[in-house]
Amino acid sequence: MTGISRVAVDELDSPLARFVEVHEALASTQDRARELARAGTTDGTLVLAGVQTGGRGRLGRHWGSPAGGLWMSLVLRPEFEARLASRITQTAAVGVAKALWEIGVEARIKWPNDLLVGGKKICGILAESSAGHAGGPANERRLDYAILGVGMNANLDPADLGVRDREITTIRSELGHDIYLLDLVRALLSNLEVELGRIRDFGAVLEEWRNLNCTLGENVRVRRFGETIEGQAVDLTSEGALLLGTGSGTVEVFEGEIEHLAQGEGA
Ligand code: BTN
């Protein structure tokens, strides 16, 4: 049970929730949102589930989704070129971080879009997109739709999530009490609306990302294409790639997962 009614979400009157589905249990809100997107659902479709039995994380990982968390996916149809789709994850991370601060949780963004509190993960974001056909004057491929999934460890104890290999926290642990999930949805939708609304001004979004991040300045390890790179996270490029200062020069990391290294560890 989400404890959230569709009517209550409708009353939020958010352009990100023009069409809303609330399920007690679902395999994955991400998969349901994609099904709706393929069937032509409107920009601003929101799918919520109390429990996910097949929640998916990045890199094909399982995402534990028991009752008490906020598991949601949005269908977005931004009017822009498919090559700009990667902006959605970092833009969403800024919106989600601001929503968490609004409810009293001082979250920081780990590149590119994990939300951490005191180094422990509280929320994961999964953005998946589908490009349409080329068209228009520049004959560029347009974005058909993007599915933005947000998995928030809300009214849970970390042990409920059954994750052994990562440090996890929850809103309940951070605040010392549960929150109304509808209040959380309200904060998320309003902040995501603002941030996604200025995605074309990505420099401004990245400035906010810099203010809210916990990666820049850290020594990090990246595994990509079968190799491991270690270096210091120095800055972002204009499209949000991570610039690592390594012994053999600056390396640009476009995607993947990084590990923050403890002082004295690695590079
Ligand atoms: C990550 O790996 O950090 C991203 C996790 C994203 C999980 C959310 S929960 C709602 C939506 N439905 C899914 O199956 N996954 C996303």
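Up top is the structure.
Presented here is a report on the structure given in the accompanying data block. For clarity, every value in this text was computed on a predicted model and none was experimentally measured.

Structural notes on the pattern of salt bridges
Point 1. One pass over the structure, following the stated rule, counts 28 salt bridges.
Point 2. The salt bridge involving Arg32 is made with Glu21; its shortest N-O contact spans 2.7 Å. Taken as a pair, Arg32 in helix α2 (residues 29–38) and Glu21 in strand β1 (residues 19–26) lie far apart in primary sequence, 11 residues in all.
Point 3. Owing to a relative accessible area of 22%, Arg32 belongs among the partly exposed residues under this scheme.
Point 4. Notably, a salt bridge pairs Arg56 with Glu128, separated by 3.0 Å at the nearest N-O pair. Here Arg56, found in the loop between β2 (45–52) and β3 (70–76), pairs with Glu128, found in strand β6 (residues 120–135); they are 72 residues apart in sequence, far enough to count as distant.
Point 5. Owing to a relative accessible area of 29%, Arg56 belongs among the partly exposed residues under this scheme.

A word on the site of the ligand
Point 1. In the vicinity of the ligand, 18 residues are found, and the nearest of them are Ser28, Gln52, Arg56, Arg58 and Lys121.
Point 2. Contact distances for the ligand include 2.7 Å between an oxygen atom and a side-chain N or O atom of Ser28.
Point 3. Of the pockets mapped on this structure, the ligand occupies the largest cavity.
Point 4. Those elements giving two or more residues to the shell around the ligand turn out to be α2, β3, β6 and β7 (140–152).
Point 5. Looking at the shell around the ligand element by element, the count peaks at 4 residues for β6.
Point 6. Per-class residue counts for the shell around the ligand are 5 nonpolar, 9 polar and 4 charged.

Considerations on the side chain of Ser14
Point 1. Among the secondary structure elements, Ser14 is positioned in the loop between α1 (6–11) and β1.
Point 2. Residues within four places of Ser14 in sequence aside, it is in contact with Leu189 and Glu193.

Thoughts on the nonpolar core
Point 1. Ranked by size, the top nonpolar core spans 65 residues in total, and within it Leu46, Leu70, Met72, Val96, Leu115 and Met152 carry the most contacts.
Point 2. Filtering out sequence-adjacent residues up to four positions away, Met72 remains in contact with Thr29, Leu46, Val47, Leu48, Leu148, Gly149, Val150, Leu188, Leu189 and Leu192.
Point 3. Leu26, Ala49, Tyr145 and Ile147 belong to the second largest nonpolar core, which has 9 residues in total.

Examining helix α6 (residues 202–212)
Point 1. Looking only at α6, the buried set comprises Phe202, Val205, Leu206, Trp209 and Leu212. Projected down its long axis, α6 carries its buried residues within an arc of 120°, all on one side.
Point 2. Along its buried surface, α6 packs onto α3 (87–102), β4 (108–110), α5 (181–197) and β9 (227–236).

Things to note about the layout of surface pockets
Point 1. Here the largest pocket is characterised by a volume of approximately 730 Å³.
Point 2. What lines the largest pocket is a set of 27 residues, and nearest its centre among them are Ser86, Thr89, Phe254, Glu255 and Gly256.
Point 3. Among the elements of the structure, α3, β6 and β8 (219–224) are those that each provide at least two residues to the lining of the largest pocket.
Point 4. Residue contributions to the lining of the largest pocket peak at 4 residues, all from β6.

Quick notes on empty space enclosed by the protein
To find the voids left in a structure, one rolls a probe of water-molecule size over its atoms.
Point 1. Across all of its chains, the model carries 1 cavity of 30 Å³ or more by this definition.
Point 2. Taken as a whole, the largest cavity holds about 220 Å³ of empty space.
Point 3. Around the largest cavity, the lining is made up of 23 residues, and of these Arg56, Gly57, Trp63, Gly124 and Leu126 lie nearest the centre.
Point 4. Secondary-structure elements contributing two or more residues to the lining of the largest cavity are α2, β3, β6 and β7.
Point 5. Ranked by residues supplied to the lining of the largest cavity, first place goes to β6 with 4 residues.
Point 6. The residue makeup of the lining of the largest cavity, split by class, is 6 nonpolar, 10 polar and 7 charged.

Concerning unusual backbone geometry
Point 1. In the segment running from Trp111 into Pro112, the intervening peptide bond is cis, with an omega of -5°.
Point 2. Looking at where Pro112 falls in the secondary structure, it is placed in the loop between β4 and β5 (114–117).
Point 3. Its identity as a non-glycine residue notwithstanding, Asp13 has a phi of 55°, on the positive side.
Point 4. Within the fold, Asp13 resides in the loop between α1 and β1.
Point 5. Not every positive phi belongs to a glycine, and Leu59 is a case in point at roughly 55°.
Point 6. Here Leu59 shows up in the loop between β2 and β3.

Cut-offs and rules
- Residue positions within a chain follow its written sequence, with the count starting from 1.
- pLDDT decides what is reported in this predicted model: residues at 70 or higher carry local features, side-chain atom pairs at 80 or more are listed and counted, and totals for whole chains, interfaces and linings draw on all residues regardless.
- Excluded from the side-chain calculation are hydrogens and water; included are all heavy atoms of the structure.
- Salt bridges are defined as contacts in which a side-chain nitrogen from Lys or Arg sits within 4 Å of a carboxyl oxygen from Asp or Glu.
- Note on conventions: DSSP H or I runs of at least 4 residues are helices, E runs of at least 2 residues are strands, and numbering of each starts at the N terminus.
- Only protein chains enter the accessibility calculation, which uses a 1.4 Å probe. A residue is then buried if its area is under 20% of the maximum for its type, exposed if over 50%, and partly exposed in between.
- One heavy atom within 4 Å of a molecule or strand makes the whole residue count as near it.
- Polar contacts, as counted here, are pairs of nitrogen or oxygen atoms within 3.5 Å of one another; within protein the pair requires one atom able to donate a hydrogen and one able to accept it, and residues that are adjacent in sequence qualify only if both atoms are side-chain atoms.
- Detection works on a 1 Å grid of protein atoms alone, calling trapped sets that fit a 1.4 Å probe cavities and calling open sets with protein on both sides within 12 Å along at least five of seven lines pockets, with lining residues defined by an atom within 4 Å of a point.
- Whether a molecule lies in a cavity or pocket depends on its atoms, and more than half of them have to be within 2 Å of the grid points.
- Note that Gly is not counted as nonpolar here; it falls among the polar residues with everything else outside the nonpolar set of Ala, Val, Leu, Ile, Met, Phe, Trp, Tyr, Cys and Pro and the charged set of Asp, Glu, Lys and Arg.
- Here, residues are in contact when the closest pair of their heavy atoms is within 4.5 Å.
- The nonpolar core is taken to be a set of buried Ala, Val, Leu, Ile, Met, Phe, Trp, Tyr and Cys residues, with the residues joined through side-chain atoms within 4.5 Å.
- Throughout, the arc means the angular range of directions from the helix axis out to the C-beta atoms.
- Grid points are joined across faces, edges and corners, and a volume is the space filled by probe spheres set on the points.

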